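A closer look at the structure
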Amino acid sequence: MGVRIKTGRSVHFDPENVQLFINALLNLQKSRQGARVLDLGCGTGLWGLLASKILNPSILVMVDNDPCSVELARNNAASNEIVCETYCGDLYQAIPADIPPFDVVLCNPPQTGGPLRLKEERPDKYGGEDGADFFDLLARDSGGWIADGGCIIFSQHGLAHPKRVLDSFHSRGYSLRIIAEQERVFERDAVNAACEGLWEYQLKAEKEGRAELELSGERCFTSWQRVYLASRDGFASN
Ligand SMILES: C[S@@+](CC[C@H](N)C(=O)[O-])C[C@H]1O[C@@H](n2cnc3c(N)ncnc32)[C@H](O)[C@@H]1O
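For clarity, every value in this text was computed on a predicted model and none was experimentally measured. (Residues numbered from 1 in each chain as written. Predicted model: local features only at pLDDT ≥ 70, side-chain atom pairs only at ≥ 80, totals over all residues. Heavy atoms only, no water.)

Summed over the entire model, instances satisfying the criterion amount to 14 salt bridges. Across the salt bridge formed by Arg164 and Asp133, the nearest N and O atoms sit 3.0 Å from each other. Remark: Asp133 occurs in helix α5 (residues 133–140) and Arg164 occurs in helix α6 (residues 162–170); sequence separation between them is 31 residues. Among the residues examined, Arg164 registers a relative accessible area of 28% and is labelled partly exposed. Of the residues examined, Asp133 reaches a relative accessible area of 32% and is grouped as partly exposed. A salt bridge links Arg219 to Glu187; the nearest nitrogen and oxygen atoms lie 3.6 Å apart. Note that Arg219 is positioned in the loop between β7 (214–215) and β8 (220–231) and Glu187 in strand β6 (residues 175–187), a separation of 32 residues in sequence. When its relative accessible area of 34% is taken as the criterion, Glu187 is described as partly exposed. Members of the salt-bridge network, linked through shared partners, are Asp14, Glu16 and Arg184. (Salt bridge = Lys/Arg side-chain N within 4 Å of Asp/Glu carboxyl O. Helix = DSSP H or I, 4+ residues; strand = E, 2+ residues; numbered from the N terminus. Buried < 20%, exposed > 50% of the residue type's maximum accessible area, 1.4 Å probe, protein only.)

Okay, structure coming up:
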């Protein structure tokens, strides 16, 4: 797709997201050309910069509450000659109030359920006890930020409480449709490297219905990752 991304030690980047995000954006390519695009929790700027190439947005705004991520996203945009605005702060609250609503809001939020120490060790991953907290905020606080006919495009894996995530959107009047999907394999060592004991925490969460994963051997489990399109206006224009 012709986007060069530099990553930084403390900044979230997952190479497994690249093709999934491209696939999701290709789904919107015809209907959302020239859209006003917001990337919430942008990290390196990966999703927003890909959107810039695929959707040719009329404005691209990227937000993160981590100053290193914002700086990296800004530098990545500059090195790809992509014009954007970047803001450091908490989700929608970081955006100046006079910016008009967006046609497409992209978000791959922190979404691993885990013990509180995961929050200290990997704030880019920690999504609350059941992984679903950020999805709830994304839907709850969206009022006024989504243009008529606009949509939220969010990425979710099975370690964020599936039912609570869907309920967060449905209860705010959104309809949901999956626009891209892939399988995800999580290795025990990698899971525990994020936070000791996270592997056992996830297996327990699965038993209690807060996560969807399947053991595929001693050392890894398989789950899914989906990109949803959330719309309050039906799917005719998507
Ligand atoms: C899972 S990472 C995704 C990064 C990037 N969008 C990607 O997919 O590569 C989540 C990002 O959300 C950011 N974040 C966490 N809490 C936030 C908040 N309250 N407001 C804005 N960004 C936040 C983190 O710093 C991190 O960069």
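Past the structure itself, the notes keep going.
So, about the pairing of strand β5 (residues 146–157). Across the twelve residues that make up β5, a large majority, ten, are buried. Here strand β4 (residues 102–107) pairs with β5 via five bridges, running parallel. Its bridge partner lying in β5, Phe102 is registered against Ile146. (Pairing = 2+ DSSP bridges.)

Glancing now at the nonpolar core. Formed by 30 residues in total, the largest nonpolar core has its most connected members in Leu25, Val37, Trp47, Val104, Leu106, Ile153 and Val227. Of all the elements, helix α2 (residues 46–55) adds the most residues to this core, at seven residues. With sequence-adjacent residues up to four places away left out, Leu106 is seen in contact with Leu25, Val37, Leu38, Asp39, Leu40, Trp47, Gly48, Ala51 and Ile153. Membership of the second largest hydrophobic core comes to 28 residues, among which are Val63, Ala139, Phe154 and Ala160. (Core = buried A, V, L, I, M, F, W, Y, C linked by side-chain atoms within 4.5 Å. Contact = heavy atoms within 4.5 Å.)

Glancing now at the site of the ligand. Of all residues adjacent to the ligand, which total 16 residues, the nearest are Gly41, Asp64, Asp90, Leu91 and Asn108. Contacts to the ligand include Leu91, whose backbone N or O atom sits 2.9 Å from a nitrogen atom. Here Asn108 contributes a side-chain N or O atom positioned 2.8 Å from an oxygen atom of the ligand. About the coverage of the ligand: the protein hides 94% of its 600 Å² of free accessible area. Its residues placed into classes, the shell around the ligand shows six nonpolar, six polar and four charged. (Near = heavy atom within 4 Å. Polar contact = N/O pair within 3.5 Å; in protein donor to acceptor, adjacent residues only side chain to side chain. Areas by Shrake-Rupley, 256 points an atom, 1.4 Å probe, with all protein chains shown as cover. Nonpolar A, V, L, I, M, F, W, Y, C, P; charged D, E, K, R; others polar.)

Turning to unusual backbone geometry, a few remarks are in order. With a phi close to 50 degrees, Asn56 is a non-glycine residue in the positive phi region. Considering the arrangement of structural elements, one finds Asn56 in the loop between α2 and β2 (59–64). In this structure, Leu91 is a non-glycine residue whose phi angle is positive, near 40 degrees. Structurally, Leu91 is set in the loop between β3 (85–88) and β4. On the basis of relative accessibility, which here comes to 16%, the residue Leu91 falls in the buried class.

Quick look at the environment of Ala194 now. When you line up the elements, Ala194 lands in helix α7 (residues 188–194). Separated by 69 residues in sequence, Ala194 and Lys125 place their C-alpha atoms 8.7 Å apart.

The next thing to look at is the UniProt feature "domain: Methyltransferase small" (unreviewed entry) in the protein chain. Here the UniProt-annotated "domain: Methyltransferase small" (unreviewed entry) positions come out as residues 26–110. Regarding residues 26–110, the helix share stands at 31% and the strand share at 25%, and the terminal C-alpha atoms are separated by 24 Å. (UniProt positions renumbered as here; feature names shortened; annotations may be inferred.)

On to a negative patch on the surface, then. On the surface, Glu183, Glu206, Glu212 and Glu214 cluster together to form a negatively charged patch. Within the secondary structure, Glu214 is located in strand β7. (Patch = residues over 30% accessible without salt bridge, like charges linked within 9 Å, V, L, I, M, F, W, Y side chains within 5 Å. Lys, Arg positive; Asp, Glu negative; His and termini not counted. Charge placed at Lys NZ, Arg CZ, Asp CG, Glu CD.)

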